[in-house]
Structure formats: C-alpha cells, structure tokens
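# Summary of structural features
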Amino acid sequence: MTAGPQDGLVAQWWATAVSRVEPGIIELREHPVQDLIGHATFVETIWLMLRGELPRPEQARLLEAALVAGVDHGPQAPSIAAARMAATCGIGLNSAVATGVNMLGDVHGGAGQQCVQLLSDIIERVERHDQGREFDLAVAEVVAEWRARSRYLPGFGHRFHPRDPRRDPLLALVDRAVADGLVTGAHLQAARAVETYLNRGREGRKPVPMNIDGATAVIYAELGFAAPLARGLFVLSRSVGILAHAWEETGQGRRNKSPMPPSMVPVHLAAPTPRS
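Anyway, here's the lowdown on the structure attached to this text. Numbering of residues begins from 1 in every chain and follows the order in which that chain's sequence is written. Only residues with pLDDT of at least 70 get local features here, since the model is predicted, and only at 80 or more are side-chain atom pairs given and counted; chain-wide, interface and lining totals rely on the full set of residues. Here the side-chain values reflect all heavy atoms present in the structure, with hydrogen atoms and water set aside.

### Quick notes on the pairing of strand β2 (residues 25-28)
In this scheme, strands are said to pair when DSSP sees at least two bridges between them. Helix and strand labels come from DSSP, where a helix needs a run of H or I of at least four residues and a strand needs a run of E of at least two; each type is numbered from the N terminus. Here strand β1 (residues 19-22) pairs with β2 via four bridges, running antiparallel. Across the sheet, residue serine 19 finds its bridge partner in β2, namely leucine 28. Sheet topology note: the β2/strand β3 (residues 31-32) ladder contains two bridges and is antiparallel. From the neighbouring strand, leucine 28 faces β3, where its bridge partner is histidine 31. Between β2 and β3, which follow one another and run antiparallel, lie two residues, and arginine 29 among them has a positive phi close to 50 degrees.

### Some thoughts on the pattern of salt bridges
Salt bridges are defined as contacts in which a side-chain nitrogen from Lys or Arg sits within 4 Å of a carboxyl oxygen from Asp or Glu. Within this structure, the stated rule accounts for 14 salt bridges. Here glutamate 27 makes a salt bridge to arginine 20, at a shortest N to O gap of 3.1 Å. Owing to a relative accessible area of 17%, glutamate 27 belongs among the buried residues under this scheme. Arginine 84 is the partner of glutamate 249 in a salt bridge, and the nearest nitrogen-oxygen pair spans 2.7 Å. In this pair, glutamate 249 sits in helix α12 (residues 227-250) while arginine 84 sits in helix α5 (residues 78-87), placing the two residues 165 residues apart along the sequence. Each member of the pair, glutamate 249 together with arginine 84, is buried. A 1.4 Å probe rolled over the protein chains alone gives each residue an accessible area, and that area as a share of the maximum for its type sets the label: buried under 20%, exposed over 50%, partly exposed in between.

### Looking at a nonpolar patch on the surface
Patch membership requires more than 30% relative accessible area and the absence of a salt bridge. Residues of like charge join within 9 Å; the nonpolar side chains Val, Leu, Ile, Met, Phe, Trp and Tyr join within 5 Å. Per-residue accessibility takes into account occlusion by the displayed protein chains alone, with areas from the Shrake-Rupley method and a 1.4 Å probe. A contiguous nonpolar patch, built from Val10, Trp13 and Trp14 and spanning about 470 Å² of accessible area, is present on the exposed surface. Position of tryptophan 14 relative to the elements: it lies in the loop between α1 (5-13) and β1.

### Regarding the side chain of serine 79
Its place among the elements puts serine 79 in helix α5. For serine 79, a relative accessible area of 0% gives the class buried. At 2.9 Å, the side chain of serine 79 forms a polar contact with the side chain of histidine 108. Beyond its immediate stretch of four places on either side in the chain, serine 79 contacts Gly100, Met103, Leu104, His108, Arg238 and Ile242. Counting of polar contacts relies on pairs of N or O atoms within 3.5 Å, with two restrictions inside protein: one atom must be capable of donating a hydrogen and the other of accepting it, and residues adjacent in sequence are counted only when both atoms are side-chain atoms. Any pair of residues with heavy atoms lying within 4.5 Å of one another is described as a contacting pair.

In structure tokens:
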C-alpha cells in the first residue's frame, strides 16, 4: 500500500524531535536505542530526552544526586500516604502510583519549581539594571514581593527537620561544580543570600535553613533546566518512593486502609448509633 496525502498529514500532526519509530527503528533524539542500551545510564537518558543531547558525565552525576535526594520522605508525605491507601482499594499498582503522583501539586511537590523562579527573579533583578543592583537589595525586594503573595517562601525552612540532612551534601556538590567551571554558581549565590537574609536577626529563634526543595532547585537551575522542569524532575524522583511504598502496601493484606488505625477511629464513625 502506498502512502497517500492523508498519511503525510498524520505524520505532520504528530511530528516530534523527541523520538522516531518506524518498523525496525527506534530513535531517541536521533540516537538509535540499541546504541543507548548498555551505554547510557537512566539519568543520562532523562537528560537526553529533555535537552536533546547527552550530558557530560559531571552534569549527569549532579543531576543524579538531586534525583536520589528526592526519592522518598516517608509515609507521612501526602503523596505516599495516598498511594498506600489506594493500593489497598483493588485499583492496581499503576493506579496507586498515579494517585500519589497526581497529588504533587503547588503545595506538595511544587516548591522546587517555585524556588527556581524565586532565585531567577533575584538574578534578573540584579542583571536588568544598567549599573547593576546590589545583591542584598535585590534579595530583600524579591523576598518581600513573594511574601506579599504567601507567607511560605519556597525552598526554605522545614516543618519536620531542624536542618534538612539532604541540604549540605547537595550544596557541597554544587560548590565543587562551580569550582570546576561546570556551572556558574549564580543560583547558588542567590539561594545562600536568601538564607542569610531570612536568618538575619533571628538569634535565639529557630533558624530558617534551605531545604531539599531549595537545594535541588539550585541544582536544576544551575544545570539549565527551566523552572517547570524542576517539578517534572521531582515527580520522576518521588515516583520511585511512591512505587516502593505502594508495592510494600500490597503485601500487607489490608483492605481499604484508612488514614488512621481502626483502634483510633472515633466511635461515632466506627459503628452506626443503635436505634431504640
């Protein structure tokens, strides 16, 4: 059967630079998949698919560190708790994972994207003035504007950890990348300036350190990923933990798991009131 004009319309409609699939051919960003199998890592392939080229090994290692750091944060995280409950409802593992992923919104899961934008706002505020803008002044202005919209500043502070244990090793890797000339360090500088600003005059009070969202936002931004991709990459990372928790829950033998153990369910919810 020969190709007709309609075939050309369909091909044009679904035209993409991401992949090409024909009989006997699978290419990812013009790389034959058989050349990637056994040679490119999963993280390198993520970079390839999003950016159109394979990363340098140092770039891949820095991206991998951020992805590893965000994999899991325990069953108290709403996305993971929801996936575990969903896994007991007979909907299948894929749907349980989708339940968790679909909860990664602006409040739970979106702070990395928001922090990239916050840091970018500071950098742009400094760069767009002919004479340059004093960095500390730009930080104060941008933080004030963000706080006028919300009392939560994305990427800083943590309701659970006094100091997020993932912060320091991630920032140390960025420091090394800056020293090696791999990244510019502009977003790192902005993030540390925000942290300093937030903790100025807080002697004797609980500090407000950068958290995992801030540290990974620095990495994603330094590597050149757009702000929305910071959330997308976090979704890829956290989906691993969601999958692990959903799979574990399927082996517990529970049905219709509720948010609380049965012994803690209030009496008026546990059983109907008997009629006289």
